[in-house]
Amino acid sequence: LWNGPTWPFTNSTVLMGLANAVRRTTHQNSRALLQKLFADLLTRYTMMCFRDGNLADPIIYEHYNPETGKPISQEEDYFHSTWIDLIVSYVAGIVPLSDGQVAFNPIVCGLESFSLQGVRVASHVIDVEFDRTNGYRAKIDGRLASQQRC
């Protein structure tokens, strides 16, 4: 087992593995447990991206204490695109297909709401919105393509 510092990229790799397990698991209880693990770890990782949890002060360091989540290096702005990949691919559920089409497979994360607009995939523009009242809605080029109650 690893007992050293944690790196943001490693957190993303673990989260991608959890998200893929959520998508592949057919057993409801296992899926619910994996979804909760994904949501909890994503929330903790996301809060690491902000100084002292202040959403108005984004910053990310190279290394963190794995037990406290506090930075242990001076290397600031060590941001990897993998965090954004987690949000686009798993939270918003945007899945580009090899034929230029787009599928939608969001993972429920316990958020109150989110909106992701103007994502370009091949020749399409994707907009995704979620709120607890109306559920999940995804549009391709302005037309409703997916709607789910979550």
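The model shown is predicted, which means the values in this text are computed figures rather than measured ones.

Caption draft 1: Region of the structure containing the pairing of strand β5 (residues 135–140). β5 sits mainly inside the fold: 5 of its 6 residues count as buried. Pairing geometry for strand β4 (residues 124–131) and β5, over 6 bridges, is antiparallel. Note on β5: the bridge partner recorded for D127 is K139. Connecting β4 to the next strand, β5, in antiparallel fashion are 3 residues. With antiparallel pairing between neighbouring strands as the criterion, β5 and strand β6 (residues 143–148) make up a hairpin whose turn holds 2 residues, including D141 at a positive phi of roughly 50 degrees.

Caption draft 2: Representation of the environment of P71 in the model. Structurally, the position occupied by P71 is in the loop between α2 (28–48) and α3 (82–91). Accessibility expressed as a relative area gives 39% for P71, which makes it partly exposed. Residues P71 and T6, spaced 65 residues apart in sequence, show a C-alpha to C-alpha distance of 9.4 Å. Setting aside residues up to four positions removed in sequence, P71 forms contacts with Y61, H63 and Y64.

Caption draft 3: Broad picture of unusual backbone geometry. Unusually for a residue other than glycine, A122 sits at a positive phi of about 55 degrees. Here A122 shows up in the loop between β3 (113–121) and β4. Residue A122 is classed as exposed on the basis of its relative accessible area, which comes to 64%. Here D141, not a glycine, exhibits a phi torsion of approximately 50 degrees, which is positive.

Caption draft 4: Quick look at the packing of helix α1 (residues 8–24) against α2. Here α1 crosses α2 at 160 degrees, and the two axes come no closer than 9 Å. Relative to α2, the element α1 is oriented roughly antiparallel. Relative to α2, the crossing made by α1 is left-handed. Contacts from P8, N11, S12, V14, L15, L18, A19, A21, V22 and R23 in α1 reach R31, L34, Q35, L37, F38, L41, L42, Y45 and M48 in α2. Of the residues that constitute the contact of α1 with α2, the class distribution is 14 nonpolar, 3 polar and 2 charged.

Caption draft 5: Spatial organisation of the nonpolar core. Counting residues in hydrophobic clusters, the biggest one holds 37 residues, and the most contacted among them are F38, L42, I94, F104, I126 and V128. Those elements that place two or more of their residues in this core are α1, α2, α3, β2 (102–104), β3, β4 and β5. Among the elements that line this core, the one with the most residues is α2, at 7 residues. Beyond its immediate stretch of four places on either side in the chain, F104 contacts G93, I94, I126, V128, Y136, A138, I140, A145, S146 and Q148.

Caption draft 6: Focus on α2. Compared with an ideal rise of 1.5 Å per residue, which puts 21 residues at 30 Å, α2 spans 30 Å between its outermost C-alpha atoms and is within 8% of the ideal. Looking only at α2, the buried set comprises R31, L34, Q35, F38, A39, L41, L42, Y45, T46 and M48.

Caption draft 7: Region of interest: the packing of α2 against α3. With their axes 12 Å apart at the nearest point, α2 and α3 run at an angle of 145 degrees to one another. For the crossing formed where α2 meets α3, the hand is left-handed. Residue-level contacts link F38, L42, Y45 and T46 of α2 to T82, W83, L86, I87, Y90 and V91 of α3. Residues of the contact of α2 with α3, tallied by class, amount to 8 nonpolar, 2 polar and no charged.

Rules and cut-offs
- Numbers given for residues are sequential positions, taken from 1 along each chain in its written order.
- Only residues with pLDDT of 70 or above have their local features reported here, since the model is predicted, and side-chain atom pairs are shown and tallied only from 80 upward, although totals for entire chains, interfaces and linings are computed over all residues.
- Hydrogens and water are ignored here; the side-chain numbers use all heavy atoms of the structure.
- Each residue gets one of three labels from its accessible area relative to the maximum for its type: buried under 20%, exposed over 50%, partly exposed in between, using a 1.4 Å probe on protein chains only.
- Think of it this way: any DSSP run of H or I at least four residues long counts as a helix, any run of E at least two long counts as a strand, and we number them from the N terminus.
- Paired strands, as defined in this entry, are two strands with at least two bridges between them according to DSSP.
- Residue contacts are counted whenever heavy atoms from the two residues lie within 4.5 Å of one another.
- Note on method: axes are straight lines fitted to C-alpha atoms, helices fitted across the in-contact stretch only, with angles between N-to-C directions ranging 0 to 180 degrees.
- Here is the rule for angles: anything less than 35 degrees is roughly parallel, anything more than 145 is roughly antiparallel, 65 through 115 is roughly perpendicular, and the remaining ranges are oblique.
- Helix crossings get a hand from a simple test, with the near helix turned counterclockwise from the far one by less than a right angle marking a left-handed crossing and a clockwise turn marking a right-handed one.
- Charged residues are taken to be Asp, Glu, Lys and Arg, nonpolar residues to be Ala, Val, Leu, Ile, Met, Phe, Trp, Tyr, Cys and Pro, and polar residues to be all remaining types, Gly included.
- Within this scheme, the nonpolar core is defined by two criteria: the residues are buried Ala, Val, Leu, Ile, Met, Phe, Trp, Tyr or Cys, and they are joined through side-chain atoms within 4.5 Å.
- Helices are assigned an expected span. That span is 1.5 Å times one less than the residue count.

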